[in-house]
Amino acid sequence: GNRGTVKDLPGDISILYVTDVQVAGGKAASFENGAFMGISGAKWNRDTDGNVILDWNTGLPTVSALETNYLANREPRFIGGLNNNFTYKNWNLSFLIDFRKGGAVLNGTEYLLTQYGLSEQTASRGDKITLTGVAKNPSTDAYEAVSKEVVADQKFYQDYFVKETANFIEDVNWVRLRSIVLGYD
């Protein structure tokens, strides 16, 4: 499949942004020694093992201001199309079908719907959810594995959930009827 890789970027550049458009903390980007068509974005803080770092008292994820993390690859595994034409007597039927397998997109619509409490995933606002990760125990000053129950209210979605850009990245697969023409001669 398609998997373009950037071997080297000039100077001290490790990320090259190919657009100035930014949605949900995510941007289209090329990464040195990585994806040519990547998506960068924000993540909750994590330890070296990838565990989410939670606040000991609130149980909420700690949020990083860094928005340069590699999150996904926009490049599809493959794309294609089928164009055909049938003729019968004086009638002509032609069509074009496109298809795409793989590649990620950042769903900015879902991000904004979540931010404003209109997304289906915010429908159960007020319910308790369990977050698992590690938290720094103030008594021992050491990180411990924890599971904390928090209320998934609108503040949670606006101030925490949307700060994990990966929550809005989706894989893309589609088949589309791009055009169809029926003619008579």
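Heads up: these notes are all about the structure in this document. (Residues numbered from 1 in each chain as written. Predicted model: local features only at pLDDT ≥ 70, side-chain atom pairs only at ≥ 80, totals over all residues. Heavy atoms only, no water.)

1. Some words on the pattern of salt bridges
Counting across every chain of the model gives five salt bridges. As a salt-bridge pair, Glu 164 and Arg 46 come within 2.7 Å of each other at their nearest N and O atoms. Separated by 118 residues along the polypeptide, Glu 164 in the loop between helix 2 (154-159) and strand 12 (169-184) and Arg 46 in the loop between strand 5 (38-41) and strand 6 (53-54) bring together distant segments of the chain. (Salt bridge = Lys/Arg side-chain N within 4 Å of Asp/Glu carboxyl O. Helix = DSSP H or I, 4+ residues; strand = E, 2+ residues; numbered from the N terminus.)

2. As for the sheet that holds strand 8 (residues 78-88)
Strand order in the open sheet made by the three strands is 8-9-12, with antiparallel pairing throughout. Edge positions in the open sheet fall to strand 8 and strand 12, since each of these has one partner strand only. Across the sheet, the axes of successive neighbouring strands diverge by a mean angle of 10°, strand direction being ignored. The sheet contact formed by strand 8 and strand 9 (residues 91-106) spans 11 bridges and is antiparallel. Looking across to strand 9, one finds that Leu 82 is bridged to Ile 97. (Pairing = 2+ DSSP bridges. Axes fitted to C-alpha atoms, helices over the stretch in contact; angles between N-to-C directions.)

Limitation: the analysis is restricted to geometry and does not speak to function.
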